[in-house]
Amino acid sequence: DLKSAEPLHRRALGGLEAKLGPEHPATLTAMSNLATLLHGQEKLAAAEAMHRQVLQVREAKLGTDHRDTLASVANVANVLVARGKFDKAQPLVQRELAWHEQHYGRRDKRTLESAHRLTQLREAQGSSKTPAA
């Protein structure tokens, strides 16, 4: 259950931060896992902040073109969508799509899934701007 898992994730993250440091890849993975758990618990503001922190470190340490950085981009976008912040999520999903096109080509399954995700996001944006009847 998600509630009982949170203290375990926090303990693991604390131990990794103390032993390896806050910017170690294993620490960042643990932080991302905790953020994903918080997302599942609908603690969206906390999840977004934590995913953004992971993204910031990964961009600085790994660069913007690294696969782990892209995973963090997608995680931030997922939380933004869950929070209804479609306009803020769209550039991140576009970035994800561009990365997939560059690394896998336009016809790869991952690229097509990213394109579909962007389409769904744009549709959600349109429906969120449509006045209720």
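Residues numbered from 1 in each chain as written. Predicted model: local features only at pLDDT ≥ 70, side-chain atom pairs only at ≥ 80, totals over all residues. Heavy atoms only, no water.

A. The packing of helix H1 (residues 2–20) against helix H2 (residues 25–40), seen in detail. It is at 9 Å that the axes of H1 and H2 come closest, and there the two elements cross at 160°. On the basis of their axis angle, the class for H1 and H2 is roughly antiparallel. H1 and H2 meet at a crossing whose hand is left-handed. Contacts between H1 and H2 pair Leu2, Ala5, Glu6, His9, Arg10, Leu13, Leu16, Glu17 and Leu20 from the former with Ala26, Thr27, Ala30, Met31, Asn33, Leu34, Leu37, Leu38 and Gly40 from the latter. In terms of residue class, the contact of H1 with H2 is built from 11 nonpolar, four polar and three charged. (Axes fitted to C-alpha atoms, helices over the stretch in contact; angles between N-to-C directions. Helix = DSSP H or I, 4+ residues; strand = E, 2+ residues; numbered from the N terminus. Parallel < 35°, antiparallel > 145°, perpendicular 65-115°, else oblique. Left-handed = near helix turned anticlockwise from the far one by under 90°. Contact = heavy atoms within 4.5 Å. Nonpolar A, V, L, I, M, F, W, Y, C, P; charged D, E, K, R; others polar.)

B. Inspection of the side chain of Glu48 at higher detail. With respect to the element layout, Glu48 can be found in helix H3 (residues 44–62). Once residues lying within four places of it in the same chain are set aside, the contact partners of Glu48 are Val79, Leu80, Arg83 and Lys85.

C. Looking closely at the pattern of salt bridges. Summed over all chains, the structure comprises 11 salt bridges. Where Glu59 meets Arg95, a salt bridge forms, and the shortest distance between an N and an O atom there is 2.9 Å. Here the residue Glu59 occupies a position in helix H3, and Arg95 occupies one in helix H5 (residues 86–104), the gap between them amounting to 36 residues. Overall, Glu59 belongs to the partly exposed group, its relative accessible area being 27%. Taking the shortest distance from any N to any O, the salt bridge between Arg106 and Glu101 comes out at 3.6 Å. Accessibility expressed as a relative area gives 64% for Arg106, which makes it exposed. Glu101 sits in the partly exposed class, given a relative accessible area of 30%. Residues participating in the shared-partner salt-bridge network are Glu48, Arg52, Arg83 and Lys85. (Salt bridge = Lys/Arg side-chain N within 4 Å of Asp/Glu carboxyl O. Buried < 20%, exposed > 50% of the residue type's maximum accessible area, 1.4 Å probe, protein only.)

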